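Notes for the structure review
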Protein chains: 4
Amino acid sequence: MDRNKIIQWFREGSIAIPRVLLTNYKELGLNETEFMLLLHIHSFIDSGITFPTPEQIAARMTLSPETCMQQLRKLVQKGFVAIEERIDEQQIRSEHYSLEPLWEKIVRHLLKEPLREENEQEEELY
Amino acid sequence: MDRNKIIQWFREGSIAIPRVLLTNYKELGLNETEFMLLLHIHSFIDSGITFPTPEQIAARMTLSPETCMQQLRKLVQKGFVAIEERIDEQQIRSEHYSLEPLWEKIVRHLLKEPLREENEQEEELY
Amino acid sequence: MDRNKIIQWFREGSIAIPRVLLTNYKELGLNETEFMLLLHIHSFIDSGITFPTPEQIAARMTLSPETCMQQLRKLVQKGFVAIEERIDEQQIRSEHYSLEPLWEKIVRHLLKEPLREENEQEEELY
Amino acid sequence: MDRNKIIQWFREGSIAIPRVLLTNYKELGLNETEFMLLLHIHSFIDSGITFPTPEQIAARMTLSPETCMQQLRKLVQKGFVAIEERIDEQQIRSEHYSLEPLWEKIVRHLLKEPLREENEQEEELY
């Protein structure tokens, strides 16, 4: 039985976060809770759930579904997440979260700035 | 010049977070800010900086160095991070953060519990 | 235009490989080409393409589609990949690759063995 | 005892590979074995072993140490890996592998090319 659980962890795998996002989210105007909310959305999308409900997200966070909903709305307004509508072959309409705006923001932020020097110690190692 | 920046992002790479940690940190007793603090420590260790100062960590977070220090102390007390002392060949003593207690906690948590069913939808996809 | 390309790299992201798989594939009976083939399948599945053709896979590898096909068949026979059939709500049948057998193999392999000591140097660092 | 092994897998974690590297290594002039060799070097560096011996690398691959050595030399000649010399505070000289040339190559390759269309299906999903 334990074996099955362990297999499940391997199957679920890991989610990769670009280090530049981790070192720059603050300058993009995100706080830690917002970052985590985006990370959960990323993880849901990655698992094939492209439009998780506030309840589904809140179940993994220390936020209530209401707060989660408010935070989500704020992230959409501030331009970090988009809600996209798609119509499939059967003409069924569905909504999906997209993190495209986040990637755009981080790239714009990084290209505008001078090379960061904070990582001297890291660079020496590689 | 842009090219150098982009090369730097590739060099810095990504940090991998086990999905089970992302879906279970709340049940381990961590909130979002604490999770992010652990993630920053993980990222620093990974880059070869094994004992970042509260100032270094706070520079990447929306916390003041003082709050960061308090939170770190709390995480040590609650048994999520350990501070280890090492003595090198030149008999120089140094301190390092270790996330070993976090890995122990998550494994103990996962092995105790019955198989989680929340991921039905995900499982179907893989 | 370059900006769009860079955004695309962020969107495509990274794929996370468990380090134990990287250090143990040889003992599971896989060679480097087979490992890469599994990695490509993993990456396709992760992107939502759950049954890539030998042509799609071979386009990313230095193998011909024919060799790729043969190798795939061998991996199925040796029990590293499975082909699963699913029937959706419209009763449409489709086939999908599953890496479940690989996760099973690695977990069985790891649980059978005594603790590996090869990583002494690594462990000291963390 | 099993618990300790499982904790070890979490501690060892995962290594993140940029998807653009996975879909473009062939066009950079790398074959699967060479890619894996670079991946092993990446993993060693990441674990703090910055100059693994051909024996250490070969122990994880299906190559002999001699073949591994030859392949390494070829990768240095072809400009995918560099060997850097460093002198520490005690004036002790040491050598280290650097994947900087690989990151340079991939970025140059990606910036030169028109936007790749192969991922249409993936893009729709995100």
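Going by the structure above, here's the rest.
First, a word on scope: everything that follows refers to the structure included in this document.

What counts and how
- Residues numbered from 1 in each chain as written.
- Chains lettered and ligands numbered in written order.
- Predicted model: local features only at pLDDT ≥ 70, side-chain atom pairs only at ≥ 80, totals over all residues.
- Heavy atoms only, no water.
- Contact = heavy atoms within 4.5 Å.
- Buried area = accessible area lost by both parts, 1.4 Å probe.
- Salt bridge = Lys/Arg side-chain N within 4 Å of Asp/Glu carboxyl O.
- Polar contact = N/O pair within 3.5 Å; in protein donor to acceptor, adjacent residues only side chain to side chain.
- Helix = DSSP H or I, 4+ residues; strand = E, 2+ residues; numbered from the N terminus.
- Nonpolar A, V, L, I, M, F, W, Y, C, P; charged D, E, K, R; others polar.
- Expected span 1.5 Å × (residues − 1).
- Buried < 20%, exposed > 50% of the residue type's maximum accessible area, 1.4 Å probe, protein only.
- Core = buried A, V, L, I, M, F, W, Y, C linked by side-chain atoms within 4.5 Å.
- Least-squares fit on C-alpha atoms with pLDDT ≥ 70 in both.
- Phe/Tyr/Trp six-rings, centres within 6.5 Å; stacked < 30°, edge-to-face > 60°.
- Lys NZ or Arg CZ within 6 Å of the ring centre and 35° of its normal.
- Axes fitted to C-alpha atoms, helices over the stretch in contact; angles between N-to-C directions.
- Parallel < 35°, antiparallel > 145°, perpendicular 65-115°, else oblique.

Turning our eyes to something else, we now look at the interface of chain D and chain B. Listed per partner, the contact involves 18 residues of chain D and 18 residues of chain B. For the pair chain D and chain B, the summed buried surface comes to about 1900 Å²; carbon and sulfur atoms form 70% of the total. If you sort the residues of chain D by the area they bury against chain B, D:Arg3, D:Ile7 and D:Phe10 come out on top, with a joint share of 33%. One can count 2 salt bridges joining chain D with chain B. The partner of B:Glu100 in a salt bridge is D:Arg11, with the nearest N and O atoms 2.7 Å apart. The tally of links between chain D and chain B comes to 2 residue pairs in polar contact (both at pLDDT 80 or more). Going through the elements one at a time, α1 (2-12), β1 (14-18) and α6 (100-112) of chain D are the ones with two or more residues in the side of chain D that touches chain B. Here the residues of the side of chain D that touches chain B are counted per class, giving 11 nonpolar, 1 polar and 6 charged.

Moving on, we come to helix α3 (residues 32-46) of chain C. All names here are of chain C. With 15 residues, α3 extends 21 Å between its outermost C-alpha atoms, agreeing within 8% with the 21 Å of an ideal straight helix rising 1.5 Å per residue. When you tally the buried positions in α3, you get 15 out of 15 residues, the bulk of the element. Where α3 begins, the side chain of Asn-31 points an oxygen toward the backbone nitrogen of Thr-33, at a separation of 3.1 Å. A positive phi of about 95° marks Gly-48, the residue just after α3.

This next bit is on the environment of D:Leu111. Residue placement: D:Leu111 occurs in helix α6. Exposure remark for D:Leu111: the relative accessible area of 15% places this residue in the buried category. Residue contacts for D:Leu111: discarding those within four places in its chain leaves B:Arg3, B:Ile6, C:Asp2, C:Lys5 and C:Trp9.

Next up on the list: the nonpolar core. Counting residues in each nonpolar core, the largest one holds 152 residues, and the members touching the most others are A:Phe10, B:Phe10, C:Phe10 and D:Phe10. In this structure, D:Phe10 is in contact with A:Trp9, B:Pro18, B:Val20, B:Trp103, B:Ile106, B:Val107 and B:Leu110, ignoring residues within four places of it in sequence.

Take the relation of the copies chain D and chain B next. Taken as rigid bodies, chain D and chain B are interconverted by a rotation of 180° and an axial shift of 0.0 Å, the fit giving an RMSD of 0.0 Å. The transformation just described matches what one would write down for a two-fold rotation axis. Minimal C-alpha separation from the rotation axis in chain D is found for D:Ala16, amounting to 3.2 Å. A high fraction, 100%, of the interface residues of chain D reappear at the interface in chain B, so the copies pair face to face through one surface.

As a further point, take the packing of aromatic side chains. Summed over all chains, the structure comprises 16 aromatic pairs over all chains. Seen in terms of ring centroids, A:Trp103 and C:Phe10 are 6.0 Å apart; in terms of plane orientation they differ by 25°. Their pairing is stacked. One end of the pair, A:Trp103, is in helix α6 (residues 100-112); the other, C:Phe10, is in helix α1 (residues 2-12), on a second chain. Exposure class is identical for A:Trp103 and C:Phe10. Each is buried. Aromatic ring contacts, followed pair by pair, group A:Trp9, B:Trp103 and D:Phe10 into a single cluster. One residue, A:Arg60, lies across the ring of A:Phe44, its end atom 4.1 Å from the ring centre. Seen from the ring of C:Phe80, C:Lys105 lies directly overhead, with NZ or CZ sitting 4.8 Å from the centre.

Our next topic: α1(C). All of the buried residues in α1(C) are C:Lys5, C:Ile6, C:Ile7, C:Gln8, C:Trp9, C:Phe10 and C:Glu12. Within two residues after α1(C), C:Gly13 carries a phi angle of roughly 65°, on the positive side.

All names here are of chain A. Two elements in contact, helix α2 (residues 19-28) and α6, have axes whose closest approach is 10 Å; the angle formed by their N-to-C orientations is 85°. As summarised for this structure, α2 and α6 are arranged roughly perpendicular, according to the angle between their axes. Contact residues: Val-20, Leu-21, Asn-24, Glu-27 and Leu-28 in α2; Leu-102, Trp-103, Lys-105, Ile-106, His-109 and Leu-110 in α6. Grouping the amino acids of the contact of α2 with α6 by side-chain chemistry returns 7 nonpolar, 2 polar and 2 charged.

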